[in-house]
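Structural features, examined
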Amino acid sequence: MTTQRIDIQLTRTIDESYPLIIGRNLTDSLKDVLAEPRYAKRKVAVITDSTVADLVARAVAEDLGERAQLFVFPAGEKSKVRATKERLEDAMLDAGFNRDSVIVAIGGGVVSDLAGFVAATFTRGIPYITWTTTLVGAADAAIGGKTAVDTHHATNLIGAFHQPGAVLIDVERWLTLDDSQIRDGMGETVKHACLADAHYFDVLENAFVERKMGLHECVADEELSQYIAERNARIKQDFVQSDVHEGNRRMGLNLGHTIGRALEAAMGFTMTHGECVAVGLLLQAKLGLHFGYVSEGDVARMERLLKAIGLPTEIPENVTVDAIMDAMEHDKKALGGKTRFVFQHGIGALEVFEGGAYAREIDADIIREFLEAQR
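Residues numbered from 1 in each chain as written. Predicted model: local features only at pLDDT ≥ 70, side-chain atom pairs only at ≥ 80, totals over all residues. Heavy atoms only, no water.

The name recorded for the chain in an unreviewed UniProt entry is 3-dehydroquinate synthase, from Actinotignum urinale.

Next up on the list: the overall build of the chain. Summing up its helical and strand segments, the chain has 14 helices and ten strands in all. For the chain, whose C-alpha radius of gyration is 21 Å, the value lies close to the compact-globule estimate of 21 Å for 375 residues. Dimensions of the chain along its principal axes, counting C-alpha atoms only, are 75 × 60 × 35 Å. For the chain, the residues scored as buried account for 53% of the 375 residues in total. Relative to all contacts within the chain whose residues are 6 or more apart in sequence, the contacts with residues 24 or more apart total 75%. Accessible surface, the chain as shown: approximately 16,800 Å² in total, 47% of it carbon and sulfur. Here the chain contributes 40 positively and 56 negatively charged side chains, and the mean placements of these two sets differ by 4 Å. (Helix = DSSP H or I, 4+ residues; strand = E, 2+ residues; numbered from the N terminus. Rg over C-alpha atoms; globule rule 2.2 N^0.38 Å. Buried < 20%, exposed > 50% of the residue type's maximum accessible area, 1.4 Å probe, protein only. Contact = heavy atoms within 4.5 Å. Areas by Shrake-Rupley, 256 points an atom, 1.4 Å probe, with all protein chains shown as cover. Lys, Arg positive; Asp, Glu negative; His and termini not counted. Charge placed at Lys NZ, Arg CZ, Asp CG, Glu CD.)

To describe a pair of aromatic rings, you give the distance between the ring centres and the angle between the ring planes. A complete count under the given rule lists eight aromatic pairs for this structure. The interplanar angle of 75° and the centroid separation of 5.5 Å between the aromatic rings of Phe 71 and Phe 97 together place this pair among those described as edge-to-face. A residue pair is termed long-range when its members are at least 10 positions apart, and Phe 71 in strand β3 (residues 68-73) and Phe 97 in the loop between α3 (82-94) and β4 (101-107) qualify at 26 residues. This pair shows no difference in class: Phe 71 is buried, exactly as Phe 97 is. Pairing Phe 341 with Phe 343 gives two aromatic rings, centres 5.7 Å apart and planes at 20°, and the pair type is stacked. Considered together, Phe 341 and Phe 343 belong to a single accessibility category, that of buried residues. A cation over a ring is seen here: Lys 43 above Phe 97, with NZ or CZ 4.3 Å from the ring centre. The ring of Phe 291 carries Arg 360 above its face, with NZ or CZ at 4.4 Å from the centroid. (Phe/Tyr/Trp six-rings, centres within 6.5 Å; stacked < 30°, edge-to-face > 60°. Lys NZ or Arg CZ within 6 Å of the ring centre and 35° of its normal.)

Backbone geometry places Asn 156, a non-glycine residue, at a positive phi of 60°. The class of Asn 156 is buried, set by a relative accessible area of 12%.

On to the pattern of salt bridges, then. The full count for this structure, using the stated rule, is 18 salt bridges. Ionic pairing is found between Lys 80 and Glu 77, a salt bridge with its closest N-O pair at 3.6 Å. Residues Lys 80 and Glu 77 agree in their burial class; the two are buried. Note that Lys 80 is salt-bridged to Asp 113, the shortest N-O span being 2.9 Å. Placement of Lys 80 in the loop between β3 and α3 and of Asp 113 in helix α4 (residues 109-121) is noted, with a sequence separation of 33 residues between them. For Lys 80, a relative accessible area of 1% puts it in the buried group. Overlapping salt bridges bring together Glu 77, Lys 80, Asp 113 and Asp 150 as one network. (Salt bridge = Lys/Arg side-chain N within 4 Å of Asp/Glu carboxyl O.)

The set of residues buried in helix α7 (residues 198-210) consists of Tyr 200, Phe 201, Leu 204, Glu 205, Ala 207, Phe 208 and Val 209. Looking at the buried side of α7, the elements it contacts are α6 (179-196), α8 (215-220), α9 (222-242) and α12 (296-309). Sitting at the head of α7, Asp 197 places a side-chain oxygen 3.0 Å from the backbone nitrogen of His 199. Positive phi appears at Lys 212, one or two residues downstream of α7, with a value of about 55°. (Polar contact = N/O pair within 3.5 Å; in protein donor to acceptor, adjacent residues only side chain to side chain.)

This is how it looks when you write it as structure tokens:
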């Protein structure tokens, strides 16, 4: 029998553009989006966590009327796992949701990551809208379509690229955050300034180092909080639009994440994502100093800003280098057993390597020796 090969031609172009709405008290904006023809006849599954449910999501679901139903899971990173996703899917199926549904994710990064992944696979994919209520969610998870859950090996290892139908960033919700939650978002915020905008870094430095603003003072300042929301969104937008599936340039958004994500997993998620990113951010700068990518003055400015915000800058004593290295080996950014690092070029830009690459491989022995020296 002759072996035959048949090529299935599936080349296609898809427009996955979506609106980003930044403002305060966005219930009417959500209603406007859901009234668009592509959503108007769909049932609405409002997915949120146990904290945001009582703060805003339950009221929003009730305001949407009979077409909406609320689905709640326990708050916290530990819920961002496959078991929670399965429970949400079963609950939606039991409630009669199917392909003519749309998910509205209301909450922070855990909610948008998890609900977005549910949307990516539910009946082979349905649309979802993200209404982010936290600073870290607005800075990190809301924009870009990266949806995922964590495993015991590392964070965000199981997931899919599934673009939202719309993103709403509600700056008013930041007033409900406690200091820890605001600091969490500031870790990602400082990262954005370091990788893309020196003036942005100057603004943050002026607010926290020179003026010594408190965290709640910052989010209560309408002009400053709006500026932070817009700059984070614009920087994320620029990288996502240029590299949707993280083939190269979008990896720049992982600045500080190679160590930070590994630390997060090694700590069993007892430190927030933003806190771990802050540690990873300063450590990549210190490692970058060894390679000549940044100056001692750059590192000193970063450390002063992070400390002024109240973010950690050192590896906690109760976590071992072995645990961090083990988590790093399972990182999705690793390639062929090699760990890839993103480095900043001074403050406000990224280092670009041979062939236009935005990340470079670092031998495990060098990483281990460097981390041991930080203890």
